[in-house]
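Each chain is listed here by its residues.
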Amino acid sequence: MVYTVSGIRFPVVPSPSSSVHKPSFFHGDRSRTSSLSFFLNKNHSFSRKTLAVKVSRDSDSTSSTIAESDKVLIHQDQDNSSSLTDQLETADITSEDPESVQNLEDLTLEDENKYNDDEAASSYREDEDVQPISLLEDVETHAQAETTSVSVDRKAKIEIDEDKPRIIPPPGSGKKIYDIDPFLQPHREHLDFRYQQYKRLREEIDKYEGGLDAFSRGYEKFGFTRSTTGITYREWAPGAKTAALIGDFNGWNPNADEMSRNEFGVWEIFLPNNVDGSPAIPHGSRVKIRMDTPSGIKDSIPAWIKFSVQAPGEIPYNGIYYDPPEEEKYVFKYPQPKKPKSLRIYESHVGMSSPEPKINTYTNFRDEVLLRIKKLGYNAVQIMAIQEHSYYASFGYHVTNFFAPSSRFGTPDELKSLIDRAHELGLLVLMDIVHSHASSNTLDGLNLFDGTDSHYFHPGSRGYHWMWDSRLFNYGSWEVLRYLLSNARWWLDEYKFDGFRFDGVTSMMYTHHGLEVTFTGNYGEYFGFATDVDAVVYLMLVNDVIHGLFPEAVTIGEDVSGMPAFCIPTQDGGIGFDYRLHMAIADKWIELLKKQDEDWRMGDIVHTLTNRRWLEKCVAYAESHDQALVGDKTIAFWLMDKDMYDYMALDGPSTPRIDRGIALHKMIRLITMGLGGEGYLNFMGNEFGHPEWIDFPRGDQHLPNGTIIPGNGNSYDKCRRRFDLGDADYLRYRGMQEFDQAMQHLEQRFCFMTSGHTYISRKNEDDRVIVFEKGDLVFVFNFHWTNSYSDYRVGCLYPGKYKIVLDSDDPLFGGFNRLNHAAEYFTSDVRYDDRSQSFLVYAPSRTAVVYAREP
């Protein structure tokens, strides 16, 4: 197999394996083995990022001043143009206002070509004769059926959308947060100071850069920019004494193309076109910048590089000048979907998305995985590890080249093709973006880029994350703000991503990074000297850029601390995210799974699921990629362990552990979606209880003390997804996957996650029963391990006739078929559990049943 980048031919060959240390032992340039080619590589160990908890360390005070000299002025082309308290349980009533009821006449799967939520795809079947469409159906047939030609009208619509004016609203008063949460009043001095810093920066950016719009287009000036007459290359490197552009185009001669420096530390060179009009640097050429720095002579990949690859047999990456001819550039054909009311996210990793033990590609993900995601009923795909990272096992979190999509999966244009196909299917594409830290590599990353410790990062210990072995950005630096704001905009502008999940936000917002700190909910933990005001203000600015220029874009922040006003608009004084990732839920499930059923408490489960701040939306999940990593266990593995290897065949015997595991796996997912938030996330494979963990290919680890920790022989066996298991109709995984599909389609039809009416009427510790209402749906969970209840009364608000629309005990889902789906349930005026109406049901042990009111 051979990949070609504009005449450069790189054979795909494996490299010899070598030993590496875990990231926590890496310093500076880490010895790594290269593997495969520029597009398929890396066999390394992995050290998991965590946000641990307990005692804070002393840290530098927060900087809030940006010196005038820190602002880089380019000498040409300058633009001048919960409750109100801490975490509150919504256990009683959110709203009693009736909502309009959607037509329930047909709860079967709708036409697969109806991609938008408002066209209502399916729910689980209402009667015995109608079967949901299975994922086993031929993928190519569906792909052909769903592929449509691009009409002139659709092309015109895309052009019109892109021509709409982009306006970033000015700052507001920032005072509304005190009305939303009066308990913020004692911390008004801190919050007002924070907002003043935010407003001051907005004013200075307006004054010196022509506004956030212009400021966030740094990629139009820095790095390589092409004009009709030639190529300009600019780089901010104030610590460098000399600089020269080197590469294939000039034979790597450091004397051929020396750069000039302005008074603000910006180096620049202009390369006119060749006499025949061709660019001085051919597309696909390797390029670097050579600098004489305080740390010596070093060759670095340009900080704004748009593509970076690793040659076979080499350790560091090479920057690639990526500017294909117009006829080779991918042209987007489909409009971006509108932001859905209910967000259902399929978290994925392109490299490990194949059933085969290999690194998968953008193209294969586009052709084989996207259709699977759509048919499961998700409306968004979140893609991890997009930004280039030389260390594959970092899961994409040790970023080396922030503007470059990972070359190990394919080319930038192939990534664009993937995103366009997702848009054709009506799927949002969210990017897992890393602005919380950067790789500590010095040869292919930003670390010591200009030879100084304080270029993009804080100097000294404040600029180093001791647990992640990575560098920490100085968010008080003008040029760091330009770089990161432009980076966020780049992925939205150039690649048409529909938003981001911001990684490691807790680490950003506090100088202790959330390490060894326990957040109890006391507001003093959020607003004090441990808060990095510069970082919080950056998050406010980046949300301004994203929401102002891309109104339909979604931002999700990974915050475990519970920072108040995290998901309140910046104009009102908040940080501006759309959603917070509800990380406590997954931890709670792991905590419970270490106990016997008898020790589970219904009130504890409900409290954790509903424990979120008023008016701030959350994305809930039972397990993400974190729970699947080696050293941890997925929920399925906690429940069924080694029995999964021997007792998952339908034509063979089951075990009590398997029966219990499958039943609870379904219940855990549904109650998490039902009560956990306004959005839901699932990591790929967990929808059918993937039987194994994720273990990236890695060699032996040689510790500084001489100890050798064996690796896995650089194996990809555990770095893939066995989708074939979920598709096999002779395995029990199939039923777990069918349940996930039915659950997603039920939410798609009823939008119960965002229902205006939520009421939890029962948390019975003796019966182990939880009952709650979401809109016109009534959810009944019986967590008891043996007891089934006949004529069990459940309360509800709305009178009328109810029918089963989802039953975890259905044999299609691996259940025992103890309920009659043709039965009708009529309410009576018997008041129960403080509800004006009630009806009687049969609640088998370890089941979840959803009842819908018919019009």
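- Looking at an unreviewed UniProt entry, one finds the protein chain named 1,4-alpha-glucan-branching enzyme 1, chloroplastic/amyloplastic and attributed to Crotalaria pallida.
- Within the UniProt record for the protein chain, the comment given under Catalytic activity (unreviewed entry) is "Transfers a segment of a (1->4)-alpha-D-glucan chain to a primary hydroxy group in a similar glucan chain."
- UniProt, in its Pathway (unreviewed entry) section for the protein chain, records the words "Glycan biosynthesis; starch biosynthesis."

### Considerations on the overall build of the protein chain
Then comes step 1: A tally of helices and strands in the protein chain yields 16 helices and 36 strands.
Then comes step 2: Buried positions account for 63% of the 855 residues belonging to the protein chain.
Then comes step 3: For the protein chain, the exposed area adds up to about 30200 Å²; of that, 50% sits on carbon and sulfur atoms.

### Overview of the UniProt feature "active site" (unreviewed entry) in the protein chain
Then comes step 1: According to UniProt, the "active site" (unreviewed entry) feature falls on Asp503 and Glu558. In terms of the greatest pairwise C-alpha distance, the residues named above, spread along 56 residues, form a tight cluster of at most 5.5 Å across.
Then comes step 2: Here Asp503 lies in the loop between β21 (499-502) and α9 (505-509).
Then comes step 3: Separated by 3.0 Å, the side chains of Asp503 and Arg501 make a polar contact.
Then comes step 4: Tracing the sequence through the fold places Glu558 in the loop between β22 (554-557) and β23 (579-582).
Then comes step 5: Filtering out sequence-adjacent residues up to four positions away, Glu558 remains in contact with Arg501, Phe502, Asp503, Gly504, Val505, Thr506, Leu581, Met583 and Asp626.

### Some points on the sheet that holds strand β36 (residues 847-853)
Then comes step 1: Reading across the sheet, the six strands line up as β29-β30-β31-β36-β33-β34 and stay open at both edges, with antiparallel pairing between neighbours. At either margin of the open sheet sits one strand with a lone partner, and together these are β29 (758-764) and β34 (825-826).
Then comes step 2: In the sheet, strand β33 (residues 801-807) pairs with β34 via two bridges, with the strands oriented antiparallel. Note on β34: the bridge partner recorded for Lys801 is Phe826.
Then comes step 3: In the packing of helix α16 (residues 733-750) onto the sheet, the strands contacted are β31 (777-782), β33 and β36, and the crossing angle to β33 comes to about 140°.

### Considerations on the sheet that holds strand β20 (residues 470-471)
Then comes step 1: A sheet is described by the order of its strands in space; here three strands give the open sequence β18-β20-β19, paired in antiparallel fashion. Of all strands in the sheet, those with a lone pairing partner are β18 (438-439) and β19 (464-465), marking the two edges.
Then comes step 2: Inspection of the sheet shows β18 paired to β20 by two bridges, in the antiparallel sense. The residue bridging Ser439 from the neighbouring strand is Ser470, located in β20.

### Remarks on the confidence of the model for the protein chain
Then comes step 1: In the predicted model, the protein chain carries a mean pLDDT of 85, and the fraction of residues at 70 or more is 80%.
Then comes step 2: Counted against residues more than four places away or in other chains, residues 1-69, with its pLDDT under 50, gives 232 contacts.
Then comes step 3: In the predicted structure, residues 74-160 sits below a pLDDT of 50 and forms 213 contacts with residues beyond four places in sequence or in another chain.

### Let's talk about the side chain of Ser394
Then comes step 1: Among the secondary structure elements, Ser394 is positioned in the loop between β15 (387-388) and β16 (401-405).
Then comes step 2: Within polar-contact distance, the side chain of Ser394 engages the backbone nitrogen of His398 at 3.3 Å.

### Comments concerning the side chain of Asp578
Then comes step 1: Within the secondary structure layout, Asp578 lies in the loop between β22 and β23.
Then comes step 2: Despite its burial, Asp578 pairs with no opposite charge; the closest candidate is Lys339, at 4.2 Å N-O.
Then comes step 3: Side chain to side chain, Asp578 and His547 meet in a polar contact 2.8 Å long.
Then comes step 4: A polar contact is formed between the side chain of Asp578 and the backbone nitrogen of Thr555, at a distance of 2.9 Å.
Then comes step 5: If we ignore the near neighbours within four places in the chain, the residues touching Asp578 are Lys339, His547, Ala553, Val554, Thr555, Cys567 and Lys617.

### Considerations on the environment of Glu687
Then comes step 1: Among the secondary structure elements, Glu687 is positioned in the loop between β26 (679-683) and β27 (701-702).
Then comes step 2: Exposure remark for Glu687: the relative accessible area of 0% places this residue in the buried category.
Then comes step 3: Along the sequence, Glu687 and Gln741 sit 54 residues apart, while their C-alpha atoms lie 8.3 Å from each other.
Then comes step 4: Of note is the side chain of Glu687, whose polar atom sits 3.0 Å from the side chain of Asn682.

### Quick notes on the packing of helix α11 (residues 584-593) against helix α12 (residues 602-610)
Then comes step 1: Close contact between α11 and α12 brings their axes to 9 Å; oriented N to C, the two are set at 160°. Taken together, α11 and α12 sit at an angle that is classed as roughly antiparallel. Here the hand of the crossing between α11 and α12 comes out left-handed. Contacts between α11 and α12 involve Ala584, Ile585, Lys588, Trp589, Glu591 and Leu592 from the first element and Asp604, Ile605, Thr608 and Leu609 from the second.

### Some details on the pattern of salt bridges
Then comes step 1: Within the structure shown, the criterion is met by 51 salt bridges.
Then comes step 2: Where Glu268 meets Arg234, a salt bridge forms, and the shortest distance between an N and an O atom there is 3.1 Å. With Glu268 in strand β8 (residues 266-272) and Arg234 in strand β5 (residues 230-236), this residue pair connects regions lying 34 residues apart in the sequence. Arg234 shares its class with Glu268; the two are buried.
Then comes step 3: We note a salt bridge from Arg762 to Asp833, for which the minimum N-O separation is 2.8 Å. Of this pair, Arg762 sits in strand β29 while Asp833 sits in the loop between β34 and β35 (837-843); the two residues are 71 residues apart in sequence, bridging distant segments of the chain.
Then comes step 4: The exposure class assigned to Arg762 is buried, which follows from its relative accessible area of 12%.

### Section: unusual backbone geometry
Then comes step 1: Within the chain, Ala385 stands out as a residue other than glycine whose phi angle is a positive 60°.
Then comes step 2: Structurally, the position occupied by Ala385 is in the loop between β14 (380-384) and β15.
Then comes step 3: Positive phi outside glycine occurs at His513, with the angle close to 60°.
Then comes step 4: If you trace the backbone, His513 turns up in the loop between α9 and α10 (533-549).
Then comes step 5: According to the relative accessible area criterion, His513 is buried, its value standing at 9%.

### Side note on the pairing of strand β30 (residues 769-774)
Then comes step 1: Counting buried positions along β30 yields six of six residues, so the element is predominantly enclosed.
Then comes step 2: Across the two faces of β30 the burial is the same, with Val769, Val771 and Glu773 and Ile770, Phe772 and Lys774 all buried.
Then comes step 3: Looking at chain direction, β29 and β30 are connected through six bridges and run antiparallel. For Lys763, the partnering residue across the bridge sits in β30 and is Ile770.
Then comes step 4: The pairing of β30 with β31 spans six bridges and is classified as antiparallel. Looking across to β31, one finds that Glu773 is bridged to Val778.

### Thoughts on the pairing of strand β13 (residues 343-349)
Then comes step 1: In terms of burial, β13 is a largely internal element, seven of the seven residues being buried.
Then comes step 2: In the sheet, β13 pairs with β26 via five bridges, with the strands oriented parallel. When the bridges of β26 are listed, Leu343 appears paired with Gly679.
Then comes step 3: In this sheet, β14 lies alongside β13 in parallel orientation, the contact comprising five bridges. Bridge pairing in β14 places Ile345 opposite Ala380.
Then comes step 4: A crossover connection joins β13 to the parallel β14 through helix α6 (residues 362-376); in handedness this β-α-β unit is right-handed.

Calculation criteria
- Residues numbered from 1 in each chain as written.
- Predicted model: local features only at pLDDT ≥ 70, side-chain atom pairs only at ≥ 80, totals over all residues.
- Heavy atoms only, no water.
- UniProt positions renumbered as here; feature names shortened; annotations may be inferred.
- Helix = DSSP H or I, 4+ residues; strand = E, 2+ residues; numbered from the N terminus.
- Buried < 20%, exposed > 50% of the residue type's maximum accessible area, 1.4 Å probe, protein only.
- Areas by Shrake-Rupley, 256 points an atom, 1.4 Å probe, with all protein chains shown as cover.
- Polar contact = N/O pair within 3.5 Å; in protein donor to acceptor, adjacent residues only side chain to side chain.
- Contact = heavy atoms within 4.5 Å.
- Pairing = 2+ DSSP bridges.
- Axes fitted to C-alpha atoms, helices over the stretch in contact; angles between N-to-C directions.
- pLDDT = per-residue confidence, 0-100.
- Lys, Arg positive; Asp, Glu negative; His and termini not counted.
- Salt bridge = Lys/Arg side-chain N within 4 Å of Asp/Glu carboxyl O.
- Parallel < 35°, antiparallel > 145°, perpendicular 65-115°, else oblique.
- Left-handed = near helix turned anticlockwise from the far one by under 90°.
- Right-handed = clockwise from strand over helix to strand, strands pointing away.

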